[in-house]
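# Coordinate analysis (summary)
Here are the chains, one letter per residue:
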Amino acid sequence: MTSGVGFSEILLILALIVIFINPKQLPGLIRRVSKTAAQLQAAVRKYIDDVKY
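Here goes a summary of the coordinates provided. Sequence order as written defines residue numbering, which begins from 1 separately in each chain. Only residues with pLDDT of at least 70 are given local features in this predicted model, and only at 80 or more are side-chain atom pairs given and counted; all residues enter the totals for whole chains, interfaces and linings. Derived side-chain values reflect all non-hydrogen atoms in the structure, with water molecules and hydrogen atoms excluded from consideration.

It is worth spelling out the overall build of the chain at this point. Helices and strands together make up the secondary structure of the chain, namely two helices and zero strands. Rg of the C-alpha trace for the chain: 16 Å, well past the compact-globule value of 10 Å for 53 residues, more than 25% over. Projected onto its principal axes, the C-alpha coordinates of the chain cover approximately 45 × 35 × 10 Å. Categorising residues by exposure relies on relative accessible area from a 1.4 Å probe, with only protein chains included: less than 20% of the type maximum marks a residue as buried, more than 50% marks it as exposed, and the intermediate range marks it as partly exposed. Per-residue burial over the chain gives 2% buried out of 53 residues. Summing over all exposed atoms, the chain offers an accessible surface of approximately 5200 Å²; the carbon and sulfur share of this is 68%. Helix and strand definitions here come from DSSP, where helices need a minimum of 4 consecutive H or I residues and strands a minimum of 2 consecutive E residues; each element is numbered from the N-terminal end. Each radius of gyration is computed over the set of C-alpha atoms, and the globule rule expresses the reference value as 2.2 Å times the number of residues to the power 0.38. Each accessible area is a Shrake-Rupley estimate made with a 1.4 Å probe; only the visible protein chains count as cover when residues are assessed.

Set out below in structure tokens:
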């Protein structure tokens, strides 16, 4: 049994986002999600570095 997300599931999620979110707001949403993901990645890297040493 695979627990990964497939291509069809990603397309379904993207379609739902486009349907429920105003397309004019989509670029701002993508920027916020990207910024949050980058901050989370930096925090995880810092945590790993702190734990490692």
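So, on to the pattern of salt bridges. Side-chain pairs of opposite charge can arise where the charged atoms are in close proximity. For this analysis, a salt bridge means a side-chain nitrogen from Lys or Arg found within 4 Å of a carboxyl oxygen belonging to Asp or Glu. A complete count under the given rule lists one salt bridge for this structure. Among the salt bridges present, the one from Asp50 reaches Lys46, with a minimum N-O distance of 3.0 Å. Of this pair, Asp50 and Lys46 both sit in helix H2 (residues 26–52), four residues apart, which is roughly one turn of that helix. On the basis of relative accessibility, which here comes to 47%, the residue Asp50 falls in the partly exposed class. For Lys46, a relative accessible area of 52% translates into the label exposed.

This next bit is on a nonpolar patch on the surface. A patch consists of residues exposed above 30% relative accessible area that lack any salt bridge, with like charges linked at up to 9 Å and nonpolar side chains (Val, Leu, Ile, Met, Phe, Trp, Tyr) linked at up to 5 Å. Residues Val5, Phe7, Ile10, Leu11, Ile13, Leu14 and Ile17 make up a contiguous nonpolar surface patch of about 660 Å² in total accessible area. You can see Ile13 is positioned in helix H1 (residues 7–20). A relative accessible area of 46% means that Ile13 is categorised as partly exposed.

Right, let's get into the environment of Val5. Structurally, Val5 can be placed in the segment before H1. Separated by 24 residues in sequence, Val5 and Leu29 have C-alpha atoms that sit 21 Å apart.

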